[in-house]
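The lines below spell out each chain.
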Amino acid sequence: MTIVAEDDAIQIERLELGPFGTNAYVLICRRTRDGALIDAPAEPKIIMDRLKNITPRYIFLTHNHIDHIGALARLRAELKVPLAAHAADTGNLTPPPEILLNEGDVLWLGELEFTILHTPGHTPGSLCFRVGRYLLSGDTIFPGGPGKTSSSDDFRQIIKSITKKIFVLPDDTRIYPGHGDSTVLRKEKDEFAVFVSRPHARDLHGDVLWLET
Ligand SMILES: [Zn+2]
Ligand SMILES: [Zn+2]
């Protein structure tokens, strides 16, 4: 477990779990000790352990890929807190999520205000969760590039999600992705500017890096 952010209001912990090193995040309102789990990759015991001293209120799902939901059934059974996800990413979730999230929705965790961004591209129902200057981005954006896409249409869509919904946030927004380390919005915007300044194949998709593609 690594504490990746901490201020007066919030603490964010990162747990890297399972064979794909997928990140789960535990977000805690420091004033009320209410907590939310973002994604449930694997190793439910380790996750449960991190929730012991707080009051879990939600499980948020960034998207429904298998490496993000391996521990979900077990955690839902044990925690009995609502699962919140986007309707387009629920096909493999039983029972269906208790809360369906849409673009612009706002949820409170203790005194923390969460804004929901619907950022399709990696999956149709991909979500990012914004709390102040922190953005939990799932597999939509990583340090150096967007999440993986499986067609050129999906690629165009993820670029639209990133430019219209993420790059409009303050430059010092800290981004916490579904795999690997965090990054800062300004750096990603700068690298994206290099990417758009160069010509690209019309069918570009897959694993793309701003500076190398
Ligand atoms: Zn994914
Ligand atoms: Zn992933």
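Look up: the structure comes first, before these words.
Since the model is a prediction, treat every value here as computed from it, not as a measurement.

K.L.:
Looking at this structure, I do not really get the nonpolar core. What am I missing?
P.N.:
A general feature of soluble globular proteins is that nonpolar side chains tend to end up buried together. In this structure, Ile12, Leu27, Phe60, Leu101, Phe114 and Phe129 are the most contacted members of the largest nonpolar core, which totals 23 residues. Sequence-distant contacts of phenylalanine 60, that is, excluding residues within four places in its chain, are made with Ala36, Leu37, Ile38, Asp39, Ala84, Leu101, Leu107, Phe114 and Phe129. With 22 residues, the next largest nonpolar core counts Leu17, Ile54, Ile69 and Leu75 among its residues.

K.L.:
Teacher, can you tell me more about the coordination of the zinc ion (ligand 1) here?
P.N.:
Ideal geometry at a metal centre: 109.5 degrees between donors when four sit tetrahedrally, and 90 or 180 degrees when six sit octahedrally. At 2.1 to 2.4 Å from the zinc ion (ligand 1) lie its protein donor atoms, namely His63 (NE2), His65 (ND1), His122 (NE2) and Asp139 (OD). What the four donor atoms of the zinc ion (ligand 1) show is an angle range of 88 to 170° at the metal, which sorts the shape as irregular. Mapped onto the sequence, the residues coordinating the zinc ion (ligand 1) show the spacing H-x1-H-x56-H-x16-D. Between the zinc ion (ligand 1) and the zinc ion (ligand 2), the interatomic distance is 3.3 Å, and aspartate 139 donates to each metal, bridging them. Here histidine 122 lies in the loop between strand S9 (112–118) and strand S10 (127–131) and histidine 63 lies in the loop between strand S5 (55–60) and helix H2 (66–69), a separation of 59 residues in the sequence. Judged by relative accessible area, histidine 63 falls into the buried class, the value being 1%.

K.L.:
Whenever I open this one, the packing of aromatic side chains confuses me. Can you help?
P.N.:
Between two aromatic rings, the relevant description is the distance of the centres plus the angle of the planes. Across all of its chains, the model carries ten aromatic pairs by this definition. Ring centres of tyrosine 25 and tyrosine 176 lie 6.0 Å apart, and the angle between their planes is 70°; on these two criteria the pair is classed as edge-to-face. With tyrosine 25 in strand S3 (residues 22–29) and tyrosine 176 in strand S14 (residues 174–177), this pair connects stretches of sequence that are 151 residues apart. Put simply, the rings of Phe155, Phe167, Phe192, Phe195 and Trp210 touch in pairs and so form one group of aromatic residues.

What counts, and where the lines are drawn
Residues numbered from 1 in each chain as written. Chains lettered and ligands numbered in written order. Predicted model: local features only at pLDDT ≥ 70, side-chain atom pairs only at ≥ 80, totals over all residues. Heavy atoms only, no water. Core = buried A, V, L, I, M, F, W, Y, C linked by side-chain atoms within 4.5 Å. Buried < 20%, exposed > 50% of the residue type's maximum accessible area, 1.4 Å probe, protein only. Contact = heavy atoms within 4.5 Å. Donors = N, O, S within 2.8 Å, 3.2 Å for Na, K, Ca; no water. Tetrahedral: all angles 85-135°; square planar, octahedral: opposite > 155°, others 65-115°. Helix = DSSP H or I, 4+ residues; strand = E, 2+ residues; numbered from the N terminus. Phe/Tyr/Trp six-rings, centres within 6.5 Å; stacked < 30°, edge-to-face > 60°.

Taken by themselves, the reported measurements are silent on function.
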